[in-house]
Amino acid sequence: MLQSLLQFLNQIKHLKIVFDQSREVNRKNVTRILDMLAKQNHKLQQLCIVCHGENPYFYSGQDILQSIRNICDAKNQIDLQHIDFRKMPFTLDGELVELLATTNPNLHSLFINNRTLVCNVAPDSIKKVLRACPKLSALGVYYASLSDDVFQELLKPERAAFTHLDIFCERLDKYMPVISEELWAAVSQKHPQLCVDLEFDHTVPACKIPRILKLNIPVSTLQLNTYNYMVNQIRFVTQSYSNTLKKLTLQTTSSEDLNSSLVDLARQCRNLLEIHCYCVVSQEVVEAFLMHCPSLKQYTLKVAKERHPWKPVAVQ
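Rules behind the numbers
- Residues numbered from 1 in each chain as written.
- Predicted model: local features only at pLDDT ≥ 70, side-chain atom pairs only at ≥ 80, totals over all residues.
- Heavy atoms only, no water.
- Helix = DSSP H or I, 4+ residues; strand = E, 2+ residues; numbered from the N terminus.
- Rg over C-alpha atoms; globule rule 2.2 N^0.38 Å.
- Buried < 20%, exposed > 50% of the residue type's maximum accessible area, 1.4 Å probe, protein only.
- Contact = heavy atoms within 4.5 Å.
- Areas by Shrake-Rupley, 256 points an atom, 1.4 Å probe, with all protein chains shown as cover.
- Right-handed = clockwise from strand over helix to strand, strands pointing away.
- Pairing = 2+ DSSP bridges.
- Axes fitted to C-alpha atoms, helices over the stretch in contact; angles between N-to-C directions.
- Parallel < 35°, antiparallel > 145°, perpendicular 65-115°, else oblique.
- Left-handed = near helix turned anticlockwise from the far one by under 90°.
- Polar contact = N/O pair within 3.5 Å; in protein donor to acceptor, adjacent residues only side chain to side chain.

## Side note on the overall build of the protein
- Broken down by element type, the protein carries 11 helices and 12 strands.
- Taking 2.2 N^0.38 as the reference for a compact globule, 316 residues should give roughly 20 Å; the C-alpha atoms of the protein span a radius of gyration of 21 Å, in line with that estimate.
- Taken over the C-alpha atoms alone, the protein extends approximately 60 × 50 × 35 Å along its principal axes.
- Residue burial in the protein is summarised as follows: out of 316 residues, 50% are buried.
- Contacts spanning at least 24 positions in sequence make up 75% of the contacts within the protein whose residues lie at least 6 apart.
- By element, 51% of the accessible surface of the protein is carried by carbon and sulfur atoms, the whole surface being about 15400 Å².

Put into structure tokens, the structure is as follows:
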């Protein structure tokens, strides 16, 4: 299979590699493919790497990351337009991210919010990415990689339309200053097509979440994987994001207050496509979403405890 692929490697424009990184043979095959790409492919436009196994002990993916660096070698003339590393669980650093940007100035999308334990990409690196890639319209990062200076880059008059910001919030964010209401409002005004996806990891302190959520963020997808009492946050979401919210995921605790807040959210957020709540809710909640959200595609709302994993229900 690999030999067959290598024959056509120089013709590939869009490449998605999915592999189990726990097996050494898979890791060697992936580095071989990437190294061959670096040597003979000048047509590659999209690169997506997906790992679906567990990292072996003390394995940090340095072989894969080095092969990615090889692709960026100036002699290779590869001009990537789309890079997606969201499911590649190896810690990325600012040097590699800046290399990807400077050697691929025609990037349209770059997703590096890969949920590793540590974020080593500073805001200054993201600022350099935006300067190096004037056509970049979609960006996935850790919240810790954002800053006022990054947002000022997005506000520059010559900046092309920016449409998608995918943000992962985790424990390090409790030490980071938050983006102000005013900056969010300015960026949303300059880029009216902007959609923001926000994911809160369970390591984010509950007290930090209201500080990160701002009124003027055009939130499209929101994941609150906190396992905390979230009623106040749900009420804020209902009041602030009713016109933009398309998908909501909650990991929280059951209560009558939760049921009441979800019924209100269903009545207000009529553009919702998906709702997933991983705790037991009342039948009234289920009926409210089915009644008030005409565009609903699927939901995970259980009125009694079931064995995990809970599977979503498709709306016919």
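## Side note on the pairing of strand β5 (residues 138-142)
- Most of β5 sits out of view: 5 of its 5 residues are buried.
- Neither face of β5 is exposed, since Ala138, Gly140 and Tyr142 on one face and Leu139 and Val141 on the opposite face are all buried.
- For the handedness criterion, the β-α-β arrangement of strand β4 (residues 109-111), helix α5 (residues 123-132) and β5 is classed as right-handed.
- Sheet topology note: the β5/strand β6 (residues 164-169) ladder contains 5 bridges and is parallel. Bridge pairing in β6 links Leu139 to Leu165.

## Observations concerning the packing of helix α3 (residues 62-71) against helix α4 (residues 94-103)
- As a packed pair, α3 and α4 sit with axes 10 Å apart at the nearest point and diverge in direction by 30 degrees. If you check the angle between α3 and α4, you find them roughly parallel. In terms of crossing hand, the pair formed by α3 and α4 is left-handed. Contacts between α3 and α4 involve Leu65, Ile68 and Arg69 on the former and, on the latter, Leu96, Leu99 and Leu100.

## Focus: the side chain of Lys302
- As for its position among the elements, Lys302 is in strand β11 (residues 298-302).
- A polar side-chain atom of Lys302 sits 3.4 Å from a polar atom in the side chain of Glu306.
- Apart from residues lying up to four places away in sequence, Lys302 is in contact with Cys279, Val280, Val281, Trp310 and Lys311.

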